Amino acid sequence: MAEAFLRSYDRRLEVYSAGTLPAGEVHPKAIAVMEEAGFDITNHHPKSVDNFINDRFDVVITVCDGTKESCPVFMGEVSQRVHIGFDDPAAVQGNDTFVLSEFRRIRDEIKDSMYQFYIENLKTE
């Protein structure tokens, strides 16, 4: 979700998303709530940070929920490291209505936080 939002704020940005233990596929509810927000992520797939370990990045943003897990440190070449934590929507328990509402809440938090980060740190014009 963060990748899609950051890309939408500035098409000149090169944005990649990866995790230390990526799932086999993008969560169907993530696809659904992003579609509601106007983003088609059906063809996206989870990637491992190992795919990027030899690449150089200006910024690496960790988005894990620091209260429930320890955030990994990306060991590649990075100019700036930033943590912006969110609850993991895939870990939410409850009925379908509640889980979907949590995916929406977290989507909106990601959208707002990524926009704030973009405005304060990346916007060049």
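The structure reproduced in this document is the subject of the present report. (Residues numbered from 1 in each chain as written. Predicted model: local features only at pLDDT ≥ 70, side-chain atom pairs only at ≥ 80, totals over all residues. Heavy atoms only, no water.)

## Details of the pattern of salt bridges
One pass over the full model with this rule turns up 11 salt bridges. Across the pair Glu36 and Arg107 runs a salt bridge whose closest N-O atoms are separated by 3.2 Å. Of this pair, Glu36 sits in helix α2 (residues 28-36) while Arg107 is found in helix α3 (residues 96-122), placing the two residues 71 residues apart along the sequence. Salt bridges sharing common partners tie together Glu36, Arg104, Arg107 and Asp108. (Salt bridge = Lys/Arg side-chain N within 4 Å of Asp/Glu carboxyl O. Helix = DSSP H or I, 4+ residues; strand = E, 2+ residues; numbered from the N terminus.)

## Here's the deal with α2
Within α2, the full set of buried residues consists of Ala30, Ile31, Val33 and Met34. Tucked inside the fold, the buried residues of α2 contact α1 (2-9) and α3. Looking at the residues trailing α2, positive phi occurs at Gly38, about 95°. (Buried < 20%, exposed > 50% of the residue type's maximum accessible area, 1.4 Å probe, protein only. Contact = heavy atoms within 4.5 Å.)

## As for the packing of α1 against α3
Relative to each other, α1 and α3 sit at 45°, their axes nearing to 9 Å. The orientation of α1 with respect to α3, classified from their angle, is oblique. Here α1 runs over α3; the crossing is right-handed. For the pair formed by α1 and α3, the contact residues are Ala2, Phe5, Leu6 and Tyr9 on the first element and Arg107, Ile110, Lys111, Met114, Tyr115, Tyr118 and Leu122 on the second. (Axes fitted to C-alpha atoms, helices over the stretch in contact; angles between N-to-C directions. Parallel < 35°, antiparallel > 145°, perpendicular 65-115°, else oblique. Left-handed = near helix turned anticlockwise from the far one by under 90°.)

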